[in-house]
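Chain by chain, the residues run as shown.
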Amino acid sequence: MAMVSYVPKLPLAVTTVLSLLAALTAGAVAQTIPPNLPAAITCYAAADQSWRIGYLFRVNKNGDAIYMTPDGRLSATVNAKGVVAGPTNRPAGVDCYGKTLDELRSSGRVMEFQRAK
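Residues numbered from 1 in each chain as written. Predicted model: local features only at pLDDT ≥ 70, side-chain atom pairs only at ≥ 80, totals over all residues. Heavy atoms only, no water.

When you look at the overall build of the protein chain in this model, what are you seeing that I'm missing?
For the protein chain, the helix and strand inventory stands at two helices and six strands. In sequence order, the secondary structure elements of the protein chain are arranged as α-β-β-β-β-β-α-β. Within the protein chain, the fraction of its 117 residues that count as buried is 22%. Total accessible area computed for the protein chain in this model is approximately 8700 Å², and 62% of it derives from carbon and sulfur atoms. (Helix = DSSP H or I, 4+ residues; strand = E, 2+ residues; numbered from the N terminus. Buried < 20%, exposed > 50% of the residue type's maximum accessible area, 1.4 Å probe, protein only. Areas by Shrake-Rupley, 256 points an atom, 1.4 Å probe, with all protein chains shown as cover.)

Would you explain the sheet that holds strand 1 (residues 40–45) in this entry?
Backbone-to-backbone hydrogen bonds join strands into a sheet, with any given pair of strands oriented parallel or antiparallel. If you walk across this open sheet you meet the six strands as 5-4-3-2-1-6, and the pairing is antiparallel. At either end of the open sheet lies a strand with only one pairing partner, and these are strand 5 (84–85) and strand 6 (110–111). (Pairing = 2+ DSSP bridges.)

Can you help me understand the pairing of strand 2 (residues 50–59) in this one?
Working note: regular strand, side chains alternate between the two faces of the sheet. Where strand 1 meets strand 2, six bridges bridge the pair, whose relative direction is antiparallel. Across the sheet, Cys43 pairs through a bridge with Arg52, a residue of strand 2. Where strand 1 folds back on strand 2, the antiparallel hairpin that results is connected by four residues, among which Gln49 adopts a positive phi of roughly 50 degrees. In terms of strand pairing, strand 2 meets strand 3 (residues 65–68) through four bridges, oriented antiparallel. Considered in strand 3, the bridge of Leu56 is made with Tyr67.

Even after reading the chapter, I still don't get the environment of Phe57, so can you show me in this structure?
Position of Phe57 among the secondary structure elements: in strand 2. Sequence-wise, Phe57 and Ala76 are 19 residues apart; in three dimensions their C-alpha atoms are separated by 9.9 Å.

When you look at the pattern of salt bridges in this model, what are you seeing that I'm missing?
Two side chains of opposite charge can pair, provided their charged atoms sit close to one another. Evaluated as defined, the whole model comprises five salt bridges. As a salt-bridge pair, Asp48 and Arg52 come within 2.8 Å of each other at their nearest N and O atoms. Between Arg109 and Asp95 there is a salt bridge; the shortest N-O distance is 2.6 Å. Here Arg109, found in the loop between helix 2 (101–106) and strand 6, pairs with Asp95, found in the loop between strand 5 and helix 2; they are 14 residues apart in sequence, far enough to count as distant. In this structure Arg109 comes out as buried when scored by relative accessible area, which is 10%. Under the relative-accessibility criterion, Asp95 is labelled partly exposed at 28%. (Salt bridge = Lys/Arg side-chain N within 4 Å of Asp/Glu carboxyl O.)

Looking at this model, I keep getting lost on the state of the cysteines. Mind explaining?
Two cysteines form a disulfide when their sulfur atoms are joined by a covalent bond. Taken as a whole, this structure holds one disulfide when the rule is applied. With a sulfur-sulfur separation of 1.8 Å, Cys43 is cross-linked through a disulfide to Cys96. The sign of the S-S torsion, about 80 degrees, decides the handedness of the disulfide formed by Cys43 and Cys96: right-handed. Linking Cys43 in strand 1 with Cys96 in the loop between strand 5 and helix 2, this pair joins segments that are 53 residues apart in sequence. Residue Cys43 is classed as buried on the basis of its relative accessible area of 5%. (Disulfide = S-S within 2.5 Å.)

Below, the structure is given as C-alpha cells:
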C-alpha cells in the first residue's frame, strides 16, 4: 500500500501567492490619472440659458478624457492635446466645444482635483 501525503506543498503555495500579489501590485501602480486633467468642466448652454457641469468619467488609453453630466445625457471629450472636441453626430449645444483646458481654466470654468501631498 502506497503512502499518500496530505500535507500541502508549502513552497508551491507560497510561490503562487507571491506571484499573484506581484501581478496585482504591478497593475495597480502602472495606472495614474494624467496630472493636467481637471475633475470637472463647466459649459454654458445658450438654448436654455443653463450651466452644465461635466465630471471626469473616463480616460482612454490614447489620452482622451470623457466628461459626462450626472444624468448621462451630455458628454464632452477632451483630446490628448487639451482641446474640448465638438460632437460629430449633432450640433454643438454648449460653448466649451473647441476651447482648450487652458482657456477654460483662465475663465474659472474648471474644478481641479485636490491632490494629496
